[in-house]
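These are the residues of each chain, in order.
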Amino acid sequence: MFLTDKTNEILQALKGSEMLSDTIVIASFPFAYKPTRLQKCLLTVSPHGMKAEQEGIGESRLFGALQIRLTAFVPQDMGSPVAADVLDRAAAVLAPLHPRDIEMGEIKVRDDLEAFSKTGVFTFTDHMNSGGNNGG
């Protein structure tokens, strides 16, 4: 509930951004081989992890860190720097949501997909109530 809500919030922010209009933005699902070659940039959004603790004894609100993983895939003929560029633009779109931490991985060659990929994990801190809705 908390992680799904934050994942959906980020997915909608990225999908609605003009900065990523040249990129397909989708929710990530478990890997399944697709026999198609990428024709344009693709950015996947998925939950990565969550850690939450009770704010105090007897409190019903939680304070925690929610992690969202973004992975950019770009056709190899576009060049590997484009994968970094897609994640840089995604980070700019998400800046108003105040991520506490952003970790970017290395660019990887994905010969199975004829693509380059780069993953970033964005950590957000938030207050949450026990009903599943984000607090203030």
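See the structure shown above.
My aim in this report is to walk through the structure given alongside it, one point at a time. (Residues numbered from 1 in each chain as written. Predicted model: local features only at pLDDT ≥ 70, side-chain atom pairs only at ≥ 80, totals over all residues. Heavy atoms only, no water.)

1. Here we look at the overall build of the chain
Turning to step 1, where the next piece is worked out: Secondary structure summary: the chain contains 2 helices and 6 strands in total.
Turning to step 2, where the next piece is worked out: Going residue by residue from the N terminus, the α and β elements of the chain occur as α-β-β-β-α-β-β-β.
Turning to step 3, where the next piece is worked out: Taking all 136 residues of the chain together, the buried fraction comes to 38%.
Turning to step 4, where the next piece is worked out: If you take every contact in the chain between residues at least 6 apart in sequence, the share linking residues at least 24 apart comes to 63%.
Turning to step 5, where the next piece is worked out: As displayed, the chain has an accessible area near 7700 Å², and 53% of this comes from carbon and sulfur atoms. (Helix = DSSP H or I, 4+ residues; strand = E, 2+ residues; numbered from the N terminus. Buried < 20%, exposed > 50% of the residue type's maximum accessible area, 1.4 Å probe, protein only. Contact = heavy atoms within 4.5 Å. Areas by Shrake-Rupley, 256 points an atom, 1.4 Å probe, with all protein chains shown as cover.)

2. Some remarks on the side chain of Thr71
Turning to step 1, where the next piece is worked out: Tracing the backbone shows Thr71 in strand S3 (residues 62-75).
Turning to step 2, where the next piece is worked out: A distance of 3.1 Å separates a polar atom in the side chain of Thr71 from a polar atom in the side chain of Thr119.
Turning to step 3, where the next piece is worked out: Aside from chain neighbours lying at most four places away, what touches Thr71 is Leu42, Leu43, Thr44, Ser117, Lys118 and Thr119. (Polar contact = N/O pair within 3.5 Å; in protein donor to acceptor, adjacent residues only side chain to side chain.)

3. Considerations on the packing of aromatic side chains
To describe a pair of aromatic rings, you give the distance between the ring centres and the angle between the ring planes.
Turning to step 1, where the next piece is worked out: Tallied over the entire structure, the rule returns 0 aromatic pairs.
Turning to step 2, where the next piece is worked out: Sitting over the face of the ring of Phe124, Lys6 holds its NZ or CZ atom 4.9 Å from the ring centroid. (Phe/Tyr/Trp six-rings, centres within 6.5 Å; stacked < 30°, edge-to-face > 60°. Lys NZ or Arg CZ within 6 Å of the ring centre and 35° of its normal.)

4. Some points on the side chain of Thr44
Turning to step 1, where the next piece is worked out: Among the secondary structure elements, Thr44 is positioned in strand S2 (residues 41-54).
Turning to step 2, where the next piece is worked out: When residues no more than four places from it in sequence are discounted, the contact partners of Thr44 are Ile26, Ser28, Arg69, Leu70, Thr71 and Phe73.

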